[in-house]
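These are the residues of each chain, in order.
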Amino acid sequence: MTTEQNVTWKAVLAEKIPTQMAEEIDLFETQMTLRCQGKLDEKVFAELRLRRGAYGQRYDNGFRYDGEQSQEIPFPHRDLTKGPETKWEAPGMQRIKIPYGGMTAEQMEVLADVAEEYSDCILHITTRQDIQLHFISIEDTPDMHRRLAAVGITTREACGNSVRNVTACPLAGVCHDEAFDVSGYADAATRYFLGHRDVQDFGRKFKIAFSGCKQHPCGLTYMHDMGLIATTRTVDGVEQQGFEMYVGGGLGAVPHLAKLLDEFVPPEELLPLSQAVARVYARLGEKKNRNKARIKFLVTKLGIEEFRRLVKEERAALEHDPKWTEFLDSLSTFEEAGLPEPVSAEQSIDLGEDAEAFAQWKSTNLYPQRQGGFVCVAIALPLGDLTSQQMRGLADVTRRFTRDTIRTTVEQNILLRWIHEADLPALYLALKEINLHGAGAHSIVDITACPGTDTCKLGISSSRGLAGELRDRLTVKGWQYDAAVKDIRIKVSGCFNSCGQQMVAEIGFYGSNRLVDRHRVPHFHLILGGEWDNNAAQYGQSLGVIPSKRVPEVVEFLVDKYLRERQNGEKFPQFVNRVGKKEIKDQIQPFTKVPLYAVDKSFYTDWGDAREFTIGDIGVGECAGEVVSLTDFGVAAAESIYFDATLLLEGNSNNGNVQQAAEKALEAMLSAAQALLKVQNIDITNEPDVIVNEFRTYFYDTELFFDPFAKGKFASYLFNTYEQRHEAKNLDQTRQLIEEARLFIEAAHECNTRMVQAGVTTPVSFSKWLIEQQMQVAGS
């Protein structure tokens, strides 16, 4: 902000920003200057900006599609970068931390202002209760950070290898089933670990979540690096409050369920024990290989018993810190209440033609609080988005009907708390004025989606495009009001990472692609078997890939089948387990067919994008014919073996099934590796030793199998599994192997696509391609 008098936001807000926050922002601004002068390495600066929440963003390799053709973005300083392969002027994403989802009306107004002035006027709620803004210029970030800091919002450590936003149940304090309100504890963990010296040397990010109970999904504690579930116990007739502490959970490419570290952690031990966990992770966690650096891999490697021993040892050695318990005296400040009287107590609200829509809205968007006469109201945000104007209007609504009692949710919505039941008609009309009165919150039509190919560099398929299409189709069916199906959760990610939480949805999808008729076709893996309830206590598994344009039909087929065949009121996950994944997989096979390019080009585009589907700058092959190679057949066979492995783990698996499933997972990876090797040697042996060694020589050492972002991660799954093939596997280890097999096969598909598009179909062409690829690697 500048005027003729050269007034800046730094000067205007100097008295409103805490000294430490102001100094941090000033330091970041200085680091930006040093990077522009070439005095700060781009990799170092990338981590520094990430720790300020400033991400790089997808921008089509320097081009933008204007509706007719791709136009080059005219960056003024083309050689200046803000990180490897990221231009300085390229649009960015800003993540803003909202601890436990709690906001005030004043903060909402400032968020609306910065979205309008520095972004595209869209505020996006994430699955971690954060807010993200896109198309940000890095030059604007210091002033934006100052304006946020002036109202108590920080972006520090919203990204990077740090403790990310601490999440908590948005119903904390009003839930009927909670042991106690966890809001104050989530806030304490946020403040204690923000910038703490013991969390600055992590190999990867660290996510913490709090839940007030075990049975509901609001906290999703089992899928976190550290999960805290409120509990109580009675000692000598006195009830005591505490937490069950879980560690080592996580989604990502290979999901892990968290393990119980301590069944009862008293409030005074919450922070010191968490600190001990952080110190053990910082000391022993992987640092060189980012793909194995999350705490879930450390817990799996050591075993929970050994990890627990190390944490207790670390805790005993910690020097006392008064901050461990200082927050306990301020917990009462998190107690909330509603307005003394309803706003519309003296008014008679005539809903008129809105009466029916109001009744539908009430049936899906309300949660009766345990405090009589009050309800929570969910604001349904399609794709997690609202505009600056809507956010300002919602701030006004918040002031009018509440005492600043508002939370974001992990399902990308906003929750108004402490609403008088008598105010619901007036509230509904107020929300209608800003177009935030949609029904169907937290229902089958309220579909979670990551940013996907819209703005994420890792996106493969359009998760937001698919989610929007599904929402439109399912809303027309009215399934959000059908008691039998309205609670089914659908979640979509644009790639194998789990930002959309597809692995814990009843119906999940993640982006992929296949080569058909010499053209790339967007696909999605179908995930079934996940459990959203009970804090996300069960992960789903892939049943194979579906062309993106057939996914809505598959969803309709699955729900219709469930409605026809369910027994005794069983829920969708129970139905899937009873029917079995094999029967479902067989029945959805007709949906996997893709017509030839000349017959129906729509399959070769993605949702919301009229262009022919591509990934990055990979070109489209010109061959008009479709030839199914031995490699195609081999990778398809690997998928079948992988699926057999998943079937062995259905239901209550015995030890024999577990070991067989582990062996099948390895067999699937060997099959996929062998399939790729057939291009180089059609007579490649079936001997596992030879396959592994040849694969290492021709595809790993040469980096032909490397993913642009994960590098050799997926190949390492084969090597590690084969090396440990004689070791007995437990259920958790086998589940991990099966997930790794899935990712290895997906990488094999992608490698095969690259070879086909390069015309590599014979040993001679393979040798030529190998030389070309090695020259490219050497040149870079």
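Every residue gets a number counted from 1 within its own chain, in the order that chain's sequence is written. The predicted origin of the model limits local features to residues at a pLDDT of at least 70 and limits the giving and counting of side-chain atom pairs to 80 or more, whereas totals for whole chains, interfaces and linings rest on all residues. With hydrogens and water excluded, all non-hydrogen atoms of the structure serve as input to the side-chain values.

Could you give an account of the nonpolar core, naming the residues involved and the relevant values?
Residues grouped as a nonpolar core are buried Ala, Val, Leu, Ile, Met, Phe, Trp, Tyr and Cys residues, joined through side-chain atoms within 4.5 Å. A simple rule labels every residue: compare its accessible area, found with a 1.4 Å probe on the protein chains alone, to the largest value its type can have, and call it buried under 20%, exposed over 50%, or partly exposed in between. Of all hydrophobic cores here, the largest spans 63 residues; its most connected members are Phe-695, Phe-699, Phe-705, Leu-718 and Phe-766. Listing elements by their share of this core, those giving two or more residues are α19 (630-648), α20 (655-680), α21 (688-700), α22 (713-723), α23 (731-757) and α24 (763-779). We count a stretch as a helix when DSSP gives it H or I for four or more residues in a row; a strand needs E for two or more, and each element gets its number in order from the N terminus. The element contributing the most residues to this core is α20, with 14 residues. Contacts are assigned to residue pairs that have any heavy atoms within 4.5 Å of one another. In contact with Phe-699, not counting residues within four places along its chain, are Leu-676, Leu-677, Glu-694, Leu-704, Phe-705, Cys-751, Met-755 and Phe-766.

Could you give an account of the side chain of Gln-412, with specific residues and numbers?
For Gln-412, the position within the fold is in the loop between β18 (406-408) and β19 (414-420). A relative accessible area of 3% places Gln-412 in the buried class. Of note is the side chain of Gln-412, whose polar atom sits 3.5 Å from the side chain of His-124. Look past the residues within four positions of Gln-412 in its chain and what remains in contact with it is His-124, Ile-125, Thr-126, Thr-127, Leu-381, Leu-383, Gly-384, Ile-447, Thr-448 and Ala-449. Think of a polar contact as two N or O atoms within 3.5 Å of one another; within protein, one of them needs to be a possible hydrogen donor and the other a possible acceptor, and neighboring residues in sequence only count if both atoms come from side chains.

Could you give an account of the sheet that holds β18, naming the residues involved and the relevant values?
Sheet architecture is open: five strands sit in the order β7-β18-β19-β16-β15, paired in antiparallel fashion. Both edges of this open sheet fall to β7 (102-103) and β15 (366-368), since each of them pairs with a single strand only. At least two DSSP bridges between two strands are required for those strands to pair. Note that β15 and strand β16 (residues 374-379) share three bridges and pair antiparallel. For Leu-366, the partnering residue across the bridge sits in β16 and is Val-377.

Hey, could you go over α23 for me, with residue numbers and the actual values?
Each helix should span, by expectation, one fewer than its residue count multiplied by 1.5 Å. Over its 27 residues, α23 extends 39 Å from the first C-alpha to the last, a length consistent with the 39 Å expected when each residue adds 1.5 Å. With respect to burial, α23 is a largely interior element, 21 of its 27 residues being buried. Its side-chain oxygen 3.2 Å from the backbone nitrogen of Asp-732, Asn-730 forms the N-cap of α23. A positive phi of about 75 degrees marks Gly-759, the residue just after α23.

For the pairing of strand β6 (residues 92-96), give the residues involved together with the corresponding values.
With respect to burial, β6 is a largely interior element, five of its five residues being buried. Judged by which residues are buried, β6 turns out to be covered on both faces: Gly-92, Gln-94 and Ile-96 on one side and Met-93 and Arg-95 on the other are all buried. Direction of pairing for strand β1 (residues 54-56) relative to β6: antiparallel, over a ladder of three bridges. For Gly-56, the partnering residue across the bridge sits in β6 and is Gly-92. Inspection of the sheet shows β6 paired to strand β9 (residues 131-136) by four bridges, in the antiparallel sense. When the sheet's bridge partners are listed, Arg-95 is paired in β9 with Gln-132.

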